[in-house]
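# Geometric and topological summary
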Amino acid sequence: MSPSERTPSAPVALQFLERWSPRAFSQEPVSREELSSLFEAARWAPSCFNEQPWLFVYGADGEDRARIEPLLVEGNRAWARKAPVLGVVFARKNFARNGAPNRWASFDSGAASMSLALQALDLGLSTHFMGGFDEAAAHEALNVPRDEFEAMAAFAIGRRGDPGELEQSMRERERPSDRKDRSEVAVEGRYRT
Ligand SMILES: Cc1cc2nc3c(=O)[nH]c(=O)nc-3n(C[C@H](O)[C@H](O)[C@H](O)COP(=O)(O)O)c2cc1C
């Protein structure tokens, strides 16, 4: 399935079909201007009480990038090692306004991450978020306190590369995926089990 073959069951802006998570990345660097644009897009995401609980810690070269790669599980490192930008998105656990637990922090950090992903698409970049990483090691390596933040997801950013360079099992999955039927995920009125 190519992006243009993703068939929506109702009209949507093309960006929702064209964003997908590749594993084949080219090693071409992402510029500072592009990075600024990505994190600027994330900055404007909605959040509960406008707390903006997300924290993106990333590395685009040298030691900063090298610090993140070993945090990924083997299966992710196998492809993400080529991506020029790696990072981890954290969510601040408590509200700054009153110290109470912010149970929406992960929701908000996901929204900011999607903003980043769509801005990346607009710049011709791809993103791939990953749950497969060592959270404890991420806190330690990136100096993000565990009592204040929760590590949500690692991510890779770059330009799409040659799928031929992926190992075979990944090459076969290197295409946009389909989705559940809309009726399974959006219900008018009351949910029926
Ligand atoms: C929170 C989160 C964790 C994910 N973890 C991984 C992962 O560890 N490894 C991986 O290859 N893909 C991972 N993915 C990518 C998903 O598999 C992918 O988004 C999903 O299959 C839908 O495909 P698409 O993003 O190409 O539309 C993750 C995505 C999200 C949002």
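Relevant structure appears above.
Every value quoted in this text rests on a predicted model; they were computed, and no experiment measured them.

## Here we look at the overall build of the protein
A tally of regular secondary structure across the protein gives 8 helices and 4 strands. Secondary structure of the protein in N-to-C order comes out as α-α-β-α-α-β-α-β-α-β-α-α. A compact globule built from 193 residues would reach a C-alpha radius of gyration of about 16 Å, and the protein, at 18 Å, matches this within 12%. Expressed along its principal axes, the backbone C-alpha trace of the protein runs to roughly 50 × 50 × 35 Å. For the protein, the proportion of its 193 residues judged to be buried stands at 30%. Counting contacts in the protein only where the partners sit at least 6 residues apart, residues at least 24 apart contribute 80% of the total.

## A few points about the nonpolar core
Among the nonpolar cores identified, the biggest contains 39 residues, and Leu 86, Val 88, Ala 154, Ala 156 and Ile 157 are the most heavily contacted of them. Of all the secondary-structure elements, those providing two or more residues to this core are helix 2 (32-43), strand 1 (54-59), helix 4 (74-80), strand 2 (85-92), helix 5 (105-122), helix 6 (135-142) and strand 4 (149-158). With 8 residues, strand 4 is the single largest residue contributor to this core. Setting aside residues no more than four positions away along its own chain, Ile 157 makes contact with Val 30, Leu 38, Ala 83, Val 85, Ala 120, Leu 125 and Thr 127.

## A few points about helix 5
An α-helix turns once per 3.6 residues; consequently, residues spaced three or four apart project the same way. In this model helix 5 runs 26 Å from its N-terminal to its C-terminal C-alpha over 18 residues, within 8% of the 26 Å that 1.5 Å per residue would give. Of all the positions in helix 5, only Ala 105, Asp 108, Ser 109, Ala 112, Ser 113, Ser 115, Leu 116, Ala 117, Gln 119 and Ala 120 are classed as buried. The inward-facing, buried residues of helix 5 contact helix 2, strand 1, strand 2, strand 3 (126-130) and strand 4. Following helix 5 by one or two positions, Gly 124 has its phi on the positive side, about 80°.

## Concerning the environment of Leu 38
With respect to the secondary-structure elements, Leu 38 resides in helix 2. Assessed through the 26 C-beta atoms surrounding it within 10 Å, Leu 38 is described here as buried. Distance from Leu 38 to Glu 148, taken between C-alpha atoms, is 24 Å for residues 110 residues apart in sequence. Filtering out sequence-adjacent residues up to four positions away, Leu 38 remains in contact with Leu 116, Gln 119, Ala 120 and Ile 157.

## With respect to the environment of Ala 10
Tracing the sequence through the fold places Ala 10 in the segment before helix 1 (15-18). For the pair Ala 10 and Arg 182, spaced 172 residues apart in the sequence, the C-alpha separation amounts to 9.4 Å.

## Structural notes on the site of the ligand
Close to the ligand lie Trp 20, Ser 21, Asn 76, Phe 129, Met 130, Gly 131, Gly 132, Ala 153, Pro 176 and Ser 177. Here the shell around the ligand is built from residues that sort into 5 nonpolar, 5 polar and no charged.

## Focus on the sheet that holds strand 2
The sheet built from 4 strands is open, its strands ordered 1-2-4-3 with antiparallel pairing. Of all strands in the sheet, those bounded by a partner on one side alone are strand 1 and strand 3. Geometrically, the sheet is characterised by an average inter-axis angle of 25° between neighbouring strands, direction not taken into account. Strand direction decides the pairing type here: strand 3 and strand 4, joined by 5 bridges, are antiparallel. Its bridge partner lying in strand 4, Thr 127 is registered against Ile 157. With respect to the sheet, helix 6 is in contact with strand 1, strand 2 and strand 4, its orientation differing from that of strand 4 by roughly 80°.

## With respect to unusual backbone geometry
In this model, Asn 50 sits at a positive phi of 50°, which is unusual for a non-glycine residue. Relative to the helices and strands, Asn 50 is located in the loop between helix 2 and strand 1. Here the phi dihedral of Asn 143 falls at roughly 65°; this positive angle occurs in a residue that is not glycine. With respect to the helices, strands and loops of the structure, Asn 143 is situated in the loop between helix 6 and strand 4. Using a count of 8 C-beta atoms within 10 Å as the deciding quantity, one classes Asn 143 as exposed.

Rules used throughout
- Residues numbered from 1 in each chain as written.
- Predicted model: local features only at pLDDT ≥ 70, side-chain atom pairs only at ≥ 80, totals over all residues.
- Helix = DSSP H or I, 4+ residues; strand = E, 2+ residues; numbered from the N terminus.
- Rg over C-alpha atoms; globule rule 2.2 N^0.38 Å.
- Buried ≥ 20, exposed ≤ 12 C-beta atoms within 10 Å, placed from the backbone.
- Contact = placed C-beta atoms within 7 Å.
- Core = buried A, V, L, I, M, F, W, Y, C linked by C-beta atoms within 7 Å.
- Expected span 1.5 Å × (residues − 1).
- Near = placed C-beta within 6 Å.
- Nonpolar A, V, L, I, M, F, W, Y, C, P; charged D, E, K, R; others polar.
- Pairing = 2+ DSSP bridges.
- Axes fitted to C-alpha atoms, helices over the stretch in contact; angles between N-to-C directions.

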